[in-house]
Amino acid sequence: GKSKYFWKDNFFVEWEWIYEKLKINSEIKKDEFIKILQIHQSGWSDFMDFCMQSARCGIAKWIMNLEDLTCSYLDNIWNVVLVEKIGV
């Protein structure tokens, strides 16, 4: 539902999305999520499908770190479920 972008000196920009909030599954389905992520990254799903499928696997949010070139996928209470290298 929300995007937030951070820069140096605690500067950030955020906005709410127009999509409905998704129910995040409390059960983490990491193996299923990895398959969904691979399918999405191959171009076989759109963004909303990816978000809905991620929510069903217990993924509540993700954080992209453009300095470390990582994307961390988190559950409802900010536990890291998966970290992947990006841009390599």
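See above for the structure.
Residues numbered from 1 in each chain as written. Predicted model: local features only at pLDDT ≥ 70, side-chain atom pairs only at ≥ 80, totals over all residues. Heavy atoms only, no water.

Now for a nonpolar patch on the surface. Together, Y5, W7, F11, V13 and W15 make up an exposed nonpolar region whose accessible area comes to about 530 Å². Turning to its location among the elements, W15 is positioned in strand β2 (residues 12-16). (Patch = residues over 30% accessible without salt bridge, like charges linked within 9 Å, V, L, I, M, F, W, Y side chains within 5 Å. Areas by Shrake-Rupley, 256 points an atom, 1.4 Å probe, with all protein chains shown as cover. Salt bridge = Lys/Arg side-chain N within 4 Å of Asp/Glu carboxyl O. Helix = DSSP H or I, 4+ residues; strand = E, 2+ residues; numbered from the N terminus.)

If you trace the backbone, E84 turns up in strand β5 (residues 80-85). The charged side chain of E84 is buried without a salt bridge, its nearest counter-charge being K85 at 11 Å. Engagement of the side chain of E84 in a polar contact is seen with the side chain of Q41, the distance being 3.1 Å. A polar atom in the side chain of E84 sits 2.8 Å from the side chain of Y73. Among residues more than four places away in sequence, those in contact with E84 are L37, Q41, L69, T70, C71 and Y73. (Buried < 20%, exposed > 50% of the residue type's maximum accessible area, 1.4 Å probe, protein only. Lys, Arg positive; Asp, Glu negative; His and termini not counted. Polar contact = N/O pair within 3.5 Å; in protein donor to acceptor, adjacent residues only side chain to side chain. Contact = heavy atoms within 4.5 Å.)

Packing of helix α1 (residues 30-41) against helix α2 (residues 47-56) leaves a shortest axis separation of 10 Å and a crossing angle of 175°. The orientation of α1 relative to α2 falls into the category roughly antiparallel. Contacts from F33, I36, L37 and H40 in α1 reach F47, F50, Q53 and S54 in α2. Split by residue class, the contact of α1 with α2 holds 5 nonpolar, 3 polar and no charged. (Axes fitted to C-alpha atoms, helices over the stretch in contact; angles between N-to-C directions. Parallel < 35°, antiparallel > 145°, perpendicular 65-115°, else oblique. Nonpolar A, V, L, I, M, F, W, Y, C, P; charged D, E, K, R; others polar.)

As for its placement among the helices and strands, S72 is situated in strand β4 (residues 70-74). When sequence neighbours within four positions are dropped, the list of residues in contact with S72 reads K61, W62, I63, L82 and V83.

This next bit is on unusual backbone geometry. Here N10, not a glycine, exhibits a phi torsion of approximately 60°, which is positive. Relative to the elements of secondary structure, N10 occurs in the loop between β1 (2-6) and β2. With a phi close to 55°, L69 is a non-glycine residue in the positive phi region. Structurally, L69 can be placed in the loop between β3 (61-65) and β4. Judged by its relative accessible area of 33%, L69 falls in the partly exposed class.

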